[in-house]
Amino acid sequence: MRLGVNIDHVATLRQARRGRYPDPVIAASLAELGGADQITLHVREDRRHVNDRDLSLLRQTVNSSLNLEMAAVQGMLELALQTRPDSATLVPERREELTTEGGLDVSAHRDEIKHVTRALRDAGVEVSLFVDPDLEQIKASHRVDAQAVELHTGRYCEARNDRDRARELSRVVEAARAATKLGLRVAAGHGLDYWNVRPIARVDEITELNIGYAIVCRAVLVGFERAVRDMRDLIG
Ligand code: PXP
């Protein structure tokens, strides 16, 4: 299982005082030392946490793989084409949200998503779409030529009891199987932590997890490298 560590929340802490630290670029290096296979960051249109300076430095310093989460809009496409991350994950973006709240509605935004996907693929960037574990979204992702999907695990993570959790897990499993049958690589993420990650990590078709908040929170107490290593040990 590949582990992508999302470093946005390190930048959120820096922006709380609009200062120079903690630096997400240093956190990314420590995450790699702890065993991260990928560094993930979301450059938002309003640059509320990670900014262009971070993206440019990370492109120069990340040794593993750089995954840029971005909205499917022209300005972000231009930034991605300049920076050439190893992969891009297209996500929905609303300015007022605390974090990415739901998956992309791929059918409803088919033309924009297809245009951005094609342009990124032509530049050698692998394209993944962040979608809810929903068969229609998986099929639509395949139709717009994405190479991968990242399944939104938010509903699984927020389930309040075993029955709801089991139902949400089976949705993730079915979506992962359907995506694999269509030839899509499958990642998952959102809301995963040290307590809920294992059932998701055991899904054979899922080959990558992107985890941010839980790792950054643990890192405050035990250090970044150890927080990443603890997660690595759990997901196998
Ligand atoms: N994957 C995607 C596409 C996301 O938007 C986010 C949140 O930025 C994550 C993974 C990580 O979610 P969390 O911070 O809850 O681990």
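Scroll up for the structure.
Below is a summary of the structure that appears in this document. (Residues numbered from 1 in each chain as written. Predicted model: local features only at pLDDT ≥ 70, side-chain atom pairs only at ≥ 80, totals over all residues. Heavy atoms only, no water.)

A separate point is the layout of surface pockets. Of the volumes computed, that of the second largest pocket is approximately 220 Å³. Lining the second largest pocket are 15 residues, and of these Ala71, Ala72, Val73, Pro92 and Glu93 lie nearest its centre. Along the lines of polarity and charge, the residues of the lining of the second largest pocket split into seven nonpolar, one polar and seven charged. (1 Å grid on protein atoms, 1.4 Å probe; cavity = no way out; pocket = protein on both sides within 12 Å on 5 of 7 lines; lining within 4 Å. Points joined across faces, edges and corners; volume = space filled by probe spheres on them. Nonpolar A, V, L, I, M, F, W, Y, C, P; charged D, E, K, R; others polar.)

Following the criterion strictly, the structure yields 22 salt bridges and no others. Notably, a salt bridge pairs aspartate 54 with arginine 53, separated by 2.8 Å at the nearest N-O pair. Residue arginine 53 is classed as partly exposed on the basis of its relative accessible area of 38%. For arginine 185, the salt bridge identified is with glutamate 126, shortest N-O distance 2.8 Å. Residue arginine 185 is located in strand β7 (residues 185–189), and its partner glutamate 126 is located in strand β5 (residues 126–131); the two are separated by 59 residues in the primary sequence. Here the salt bridges do not stand alone but share partners, grouping Arg155, Asp164, Arg167, Glu168 and Arg171 into one network. (Salt bridge = Lys/Arg side-chain N within 4 Å of Asp/Glu carboxyl O. Buried < 20%, exposed > 50% of the residue type's maximum accessible area, 1.4 Å probe, protein only. Helix = DSSP H or I, 4+ residues; strand = E, 2+ residues; numbered from the N terminus.)

Counting residues in each nonpolar core, the largest one holds 70 residues, and the members touching the most others are Leu90, Leu120, Leu129, Leu151, Leu209 and Phe224. Apart from residues lying up to four places away in sequence, phenylalanine 224 is in contact with Val5, Ile7, Val10, Ala27, Leu30, Ala31, Ile215, Val216 and Ala219. (Core = buried A, V, L, I, M, F, W, Y, C linked by side-chain atoms within 4.5 Å. Contact = heavy atoms within 4.5 Å.)

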